[in-house]
Amino acid sequence: MFKCRVCHTDVSPFMTFGQMPIANGFLTEEQFEDEFFYEMEVGVCSACSMFQLAGQPEPQQMFHQSYAFYSSLSAHMQSHFGNFAAYLDEEYLSRRIDPFVVELGSNDGIMLQHIKERGYRHLGVEPSANVADIARSKGIETLSEFFSLDLALRLGSLHGKADVVTCANVMCHIPDINSVAAGIASLLKPDGVLVFEDPYLGNVIEKISYDQIYDEHVFLFSVRSVGNAFSRHGLELVDVTPQETHGGSMRYILAPKGSRPIKPSVSEWLQVESRQGLDVQDTYDKFKKDCDVSRMKLKNLIKALKIEGKRIVGYGATSKSTSVLNYCGIGPEDIEYITDTTPLKQGKFSPGAHIPIRGHDAFTGDYPDYALLFAWNHANEIFSKEGDYKRSGGKWILFVPEVKVIN
Ligand code: SAH
Ligand code: TMP
Ligand code: ZN
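The structure presented is a predicted model; accordingly, all values stated were derived computationally and were not measured. Each chain has its residues counted from 1, following the order in which its sequence is written. A letter from A marks each chain and a number from 1 marks each ligand, given out in the order of writing. Since the coordinates come from a predicted model, pLDDT governs what is reported: local features require at least 70, and pairs of side-chain atoms require 80 or more to be given and counted, while whole-chain, interface and lining totals use all residues. Side-chain metrics rest on all non-hydrogen atoms present in the structure, leaving aside hydrogens and water.

## Topic: the site of ligand 1
Any residue with a heavy atom positioned within 4 Å of a molecule or strand is treated as near that molecule or strand. Taken together, 18 residues are adjacent to ligand 1, and S71, E126, S128, A168 and N169 come closest. Take S71: an N or O atom from its side chain is 2.6 Å from an oxygen atom of ligand 1. Polar contact criterion, stated in full: a pair of N or O atoms within 3.5 Å, where within protein one must be able to donate a hydrogen and the other to accept it, and residues adjacent in sequence count only if both atoms are side-chain atoms. One of the backbone N or O atoms of G105 is found 2.9 Å from a nitrogen atom in ligand 1. Shrake-Rupley sampling with a 1.4 Å probe provides the accessible areas, and residues are treated as covered by the protein chains on show and by no other component. About the coverage of ligand 1: the protein hides 97% of its 570 Å² of free accessible area. Gly is put with the polar residues, along with every residue not named as nonpolar or charged; the nonpolar set is Ala, Val, Leu, Ile, Met, Phe, Trp, Tyr, Cys and Pro, and the charged set is Asp, Glu, Lys and Arg. Each residue belonging to the shell around ligand 1 can be placed in one class, and the counts come to 11 nonpolar, six polar and one charged.

## Focus: the coordination of the zinc ion (ligand 3)
Only N, O and S atoms count as donors, using a 2.8 Å limit from the metal and a wider 3.2 Å limit for Na, K and Ca, and since water is excluded some coordination spheres may look unfilled. The protein atoms that coordinate the zinc ion (ligand 3) are C4 (SG), C7 (SG), C45 (SG) and C48 (SG), at distances spanning 2.3 Å. Each of the four donor atoms bound to the zinc ion (ligand 3) contributes to angles spanning 100 to 118 degrees, and the resulting shape is tetrahedral. Each donor residue of the zinc ion (ligand 3) lies on one chain, and together they are spaced C-x2-C-x37-C-x2-C. The rule is simple: take the accessible area with a 1.4 Å probe, protein chains only, and divide by the maximum for that residue type; under 20% is buried, over 50% is exposed, in between is partly exposed. A relative accessible area of 1% places C45 in the buried class. Accessibility expressed as a relative area gives 5% for C48, which makes it buried. Angular criteria define each label, namely tetrahedral for four donors with all angles between 85 and 135 degrees, square planar for four and octahedral for six donors with opposite donors over 155 degrees apart and remaining angles between 65 and 115, and irregular for whatever fails these tests.

## Describing the domain arrangement of the protein
For each domain, the first and last residues come from an automatic or database assignment. You can read the domains of the protein as domain 1 (71–279) and domain 2 (309–406). Once you take the C-alpha centre of each, domain 1 and domain 2 turn out to be 30 Å apart. Residue contacts follow a heavy-atom distance rule, with two residues in contact if any of their heavy atoms lie within 4.5 Å. At the interface, 16 residues of domain 1 touch 16 residues of domain 2. Buried surface area refers to the total accessible area, computed with a probe of radius 1.4 Å, that the two partners give up upon joining, counted for both partners together. Surface buried jointly by domain 1 and domain 2 totals about 1300 Å² across both partners, of which 60% is contributed by carbon and sulfur atoms. The largest per-residue losses of area from domain 1 upon contact with domain 2 belong to L73, Y210 and D211, which jointly make up 42% of the total buried on that side. On inspection of domain 1 and its partner domain 2, the count reaches seven residue pairs in polar contact (both at pLDDT 80 or more).

This is how it looks when you write it as structure tokens:
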């Protein structure tokens, strides 16, 4: 049993993943001995519908001066955030006088660079100092702190209230959601908006993408759970729009209660969620079984290929891959190495499973027989750049939504 982070109701976990390391905690051989592990369990609150982790490492163990996720390494995400900024501009900024935008978890500035280019007042709040430094080098105003109610109150008195508070793939990372929601409510102008997007629970359940469950993702949101969590702080869901990013995300638009009309999308999606059974325990019992089956199929496939003497590597040392490798018990005896374009990960080992991480050259210089696509959410971008691998006879192993081999 644990207490719901939103409404403090007792929640019993429906699934345990076993001992998990820090998902982005890439490490050197010398650090193996002291590696941190915690028991990863998930549950859904019966009172407010929030899907959440039971326990989690401290934020400072995950977000620090050597945070391993650099947003701008994906060309597709760059274009997504160009469009995101254009949307904010068109809908909420262009007709206002000297608007002010605050972004939480602005990382290397992938989104705010477009707000800055348009000459708008902006502030990024990014606790991971290494990525915050990159944003600053692009001229983006960035504060290296964890966003909270306290910080929101300070920002409000220092810079004035915000027209737009926004974040992407960040809200679901912050355990004290009540502090964040209260902070945003206090920071917004009466006619301001909160716009955020995160991986969507409905897609995770539908695609059996259990790899979206890892330490940083303390919540997996639905329209219902977001509506409940923010209404406690006077913010109301006024629109939602699905996004194709990260394997299926949802964009939530919230505003001070009564300040804007509520679009039909909100009730439509609540109905979709009821039809999908997101509030029914059976759905999660089935999800757990689906995950067990998915794990067994992936392990059996890898075992069969190894018996045939095939070379298998991983593609994309994603935080998601940490859940897959540790939950399935896949190690360096199965996967030779994982190729990843992030310099900070290269030369290190994957968390828990301790598979070596190599650069892209290792892959192109000596193609394996099979590549297990951990970065499946970037499949289009990756397939289009790896045409030579395919032509050389290389095959891809996918595991979402089902375990299969393609070439
Ligand atoms: N928005 C970017 C980065 C997502 S990664 C993108 O979509 O690509 C999540 C980011 O949230 C990390 O950079 C992390 O440092 C930041 N973060 C974690 N906790 C935070 C908090 N309390 N306040 C603000 N940012 C936070
Ligand atoms: P993400 O799925 O959390 O966005 O992480 C993607 C990871 O995959 C990140 O570490 C960068 C890496 N990557 C590659 O190695 N090659 C690529 O072409 C892309 C798009 C990502
Ligand atoms: Zn709750």
